[in-house]
Amino acid sequence: MVDFGAEIATRTLPLSGAHGGSSVARLELAAPAERISLRVVAADVAALSAALGVDLPTRPKTSASANGRTALWLGPDEWLVIAEGTGDTGSALVEAASKAAVPHSATDVSHRNTAIIVSGPGAAAAINTGCPQDLSLAVFPVGACSRTNLGKVEIVLLRTADDAFRVEVWRSFSTYAFGLLAEGARDAAL
Amino acid sequence: MLLIHCPYCEEERSELEFRWAGEAHIARPDNISAISDEEFAEFFFLRNNEKGLTYERWRHIHGCGRFFNAARDTVSDKFLMTYKAGLPKQPIPAAAKAEAIAEEKTIETWEQTEGDAR
Ligand SMILES: [Zn+2]
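Residues numbered from 1 in each chain as written. Chains lettered and ligands numbered in written order. Predicted model: local features only at pLDDT ≥ 70, side-chain atom pairs only at ≥ 80, totals over all residues. Heavy atoms only, no water.

**Q** Whenever I open this one, the overall build of chain A confuses me. Can you help?
**A** When helices and strands are counted, chain A shows four helices and 11 strands. Here the C-alpha atoms of chain A give a radius of gyration of 17 Å, agreeing with the 16 Å that 2.2 N^0.38 yields for 190 residues. Overall, chain A is about 55 × 45 × 25 Å in size when its C-alpha atoms are taken along their principal axes. Across the 190 residues of chain A, 46% fall into the buried class. (Helix = DSSP H or I, 4+ residues; strand = E, 2+ residues; numbered from the N terminus. Rg over C-alpha atoms; globule rule 2.2 N^0.38 Å. Buried < 20%, exposed > 50% of the residue type's maximum accessible area, 1.4 Å probe, protein only.)

Shown next, in the form of structure tokens:
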């Protein structure tokens, strides 16, 4: 078999080259990242937290970060774990999770998703163009996260700062999401 | 926009995040291979489709992904209560029921606006 090794494979982000935003909401592409979709029952959460080096949050709409990894609560037994950077082959997150000697499911979704960073004083307004959630700081504080809608597509939203959000979106929906956010950013500046 | 309280997310969310999932509390027969075709049809296909108070399954599909149960008034569209999947049928709190009935009296029904009664 021909060896298509990691040294010759190059990947570009799904939205590579995209740029947009307005004077109040800036749109940028997040750097490539590793991601896993993690499922584990409540009784075994501690074992996975130890294996991943980040405490999996158990309260709805919360996230936790440690050791360059961020765990986002999506449901009572479901998390999205995002790690900075990306390995050329394999997934460090899957490998780390596999060290936990309890039943769980850790699926590598690094390249299923891509992420758009929305920042600036109009960031929440830009996202609210297509997202029905209350993004006021009292209800959706820094660190809050949720799976939700953006127009016709599903996203996972994480607030990284008072005026900044990470929008995780499936790669095949990403041009739609970027386009809608660009419209939202323009409307937020009106 | 209709808001629905998700018992897993513990807050109200937009109806856009949810999907209806049919009538609730339909028990699968214990010995399904032993029942007659008529009994199977009753269990599998036939639903009450009640006008007024109904118990339904809903799914927070664009949120936590969970199925849960809801008591809803199909005339006013008002959600009287939601509770976690697996719990037995819950009684409707009296206050929610009274409020729904009061609301129903002012609701325009299809018969009033489109039907023969017009
Ligand atoms: Zn929910």
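**Q** Where do I start with the interface of chain A and chain B in this structure?
**A** How big an interface is tends to be stated in terms of the accessible area lost upon association of its parts. Contacts between the two partners involve 17 residues from chain A, matched on the other side by 15 residues from chain B. Carbon and sulfur atoms make up 43% of the area that chain A and chain B hide from each other, which totals about 1,100 Å². Applying the counting rule to chain A against chain B returns three salt bridges. Across the pair D77(A) and R66(B) runs a salt bridge whose closest N-O atoms are separated by 2.7 Å. Remark: the boundary between chain A and chain B carries nine residue pairs in polar contact (both at pLDDT 80 or more). (Contact = heavy atoms within 4.5 Å. Buried area = accessible area lost by both parts, 1.4 Å probe. Salt bridge = Lys/Arg side-chain N within 4 Å of Asp/Glu carboxyl O. Polar contact = N/O pair within 3.5 Å; in protein donor to acceptor, adjacent residues only side chain to side chain.)

**Q** What's the story with the pattern of salt bridges in this structure? I'm lost.
**A** Should the charged atoms of two oppositely charged side chains come close, the side chains can pair. Evaluation of the coordinates by the stated rule reveals 13 salt bridges over all chains. Across the pair E11(B) and K61(A) runs a salt bridge whose closest N-O atoms are separated by 3.0 Å. Of this pair, E11(B) sits in strand β2 (residues 11-14) while K61(A) sits in the loop between α1 (45-52) and β4 (63-66), on two different chains. The residues E11(B) and K61(A) share a single accessibility class, namely buried. Salt-bridge contacts for E56(B) lead to R72(B); the nearest nitrogen and oxygen are separated by 2.7 Å. In this pair, E56(B) sits in strand β4 (residues 53-59) while R72(B) sits in strand β5 (residues 67-73), placing the two residues 16 residues apart along the sequence. A residue is classified by how much of its surface remains accessible, and E56(B), at 6% relative accessible area, is buried. Residues joined in a network through salt bridges with shared partners are K61(A), E11(B), R13(B) and E17(B).

**Q** Any chance you could explain the environment of L74(A) here in plain terms?
**A** Residue and element names in this part refer to chain A. Within the secondary structure, L74 is located in strand β5 (residues 69-75). Classification of L74 by relative accessible area gives buried; the value is 6%. As for L74 and T148, which are separated by 74 residues in sequence, their C-alpha atoms are 9.7 Å apart.

**Q** I tried to follow the packing of aromatic side chains on my own but got confused; where do I start?
**A** Centre-to-centre distance and the angle between the planes together describe a pair of aromatic rings. Residues and elements named next belong to chain B. Applying the stated criterion to the full structure yields eight aromatic pairs over all chains. Ring centres of F18 and F68 lie 5.8 Å apart, and the angle between their planes is 85°; this geometry places the pair in the edge-to-face category. In this pair, F18 is assigned in the loop between β2 and β3 (19-23) and F68 in strand β5, connecting sequence segments 50 residues apart. Accessibility assignment for this pair places F18 and F68 in one class, buried. A ring pair is formed by F43 and F44, whose centres lie 6.1 Å apart and whose planes are at 55°; its orientation type is tilted. By way of ring pairs, the aromatic residues F40, F43, F44 and F45 are connected into one cluster. (Phe/Tyr/Trp six-rings, centres within 6.5 Å; stacked < 30°, edge-to-face > 60°.)

**Q** Before we go on, may I ask you to explain the coordination of the zinc ion in this structure?
**A** Perfect tetrahedral coordination of a metal by four donors corresponds to 109.5 degrees between them, and perfect octahedral coordination by six donors corresponds to 90 or 180 degrees. Residue and element names in this part refer to chain B. The protein atoms that coordinate the zinc ion are C6 (SG), C9 (SG), H60 (ND1) and C64 (SG), at distances of 2.0 to 2.4 Å. Because the angles between the four donor atoms bound to the zinc ion fall within 104 to 117°, the donor set is best described as tetrahedral. Considered as a linear motif, the donors of the zinc ion on their single chain read C-x2-C-x50-H-x3-C. Of this pair, C9 sits in the loop between β1 (3-6) and β2 while C64 sits in the loop between β4 and β5, placing them 55 residues apart in sequence. (Donors = N, O, S within 2.8 Å, 3.2 Å for Na, K, Ca; no water. Tetrahedral: all angles 85-135°; square planar, octahedral: opposite > 155°, others 65-115°.)

**Q** Help me understand a nonpolar patch on the surface, please; the structure alone is not making it clear to me.
**A** Residue and element names in this part refer to chain B. Residues F40, F44, F45 and L46 make up a contiguous nonpolar surface patch of roughly 420 Å² in combined accessible area. Structurally, F45 can be placed in the loop between α1 (37-44) and β4. The exposure class of F45 is exposed, given its relative accessible area of 58%. (Patch = residues over 30% accessible without salt bridge, like charges linked within 9 Å, V, L, I, M, F, W, Y side chains within 5 Å. Areas by Shrake-Rupley, 256 points an atom, 1.4 Å probe, with all protein chains shown as cover.)

**Q** I'm lost on the nonpolar core in this one. Help?
**A** For soluble globular proteins, nonpolar side chains are generally found buried alongside one another. Counting 29 residues, the largest nonpolar core has L38(A), L48(A), L52(A), L56(A), W79(A), V81(A) and W58(B) as the members making the most contacts within it. At the level of elements, β3 (33-39), α1, β5, β6 (78-84) and α2 (92-97) of chain A together with β1 and β5 of chain B are the ones that each hand at least two residues to this core. The residues contacting L48(A), other than those within four sequence positions of it, are L38(A), V40(A), L56(A), A97(A), A100(A), V102(A) and H104(A). Listed in part, the 24 residues of the second largest apolar core include V118(A), L150(A), V167(A) and F178(A). (Core = buried A, V, L, I, M, F, W, Y, C linked by side-chain atoms within 4.5 Å.)

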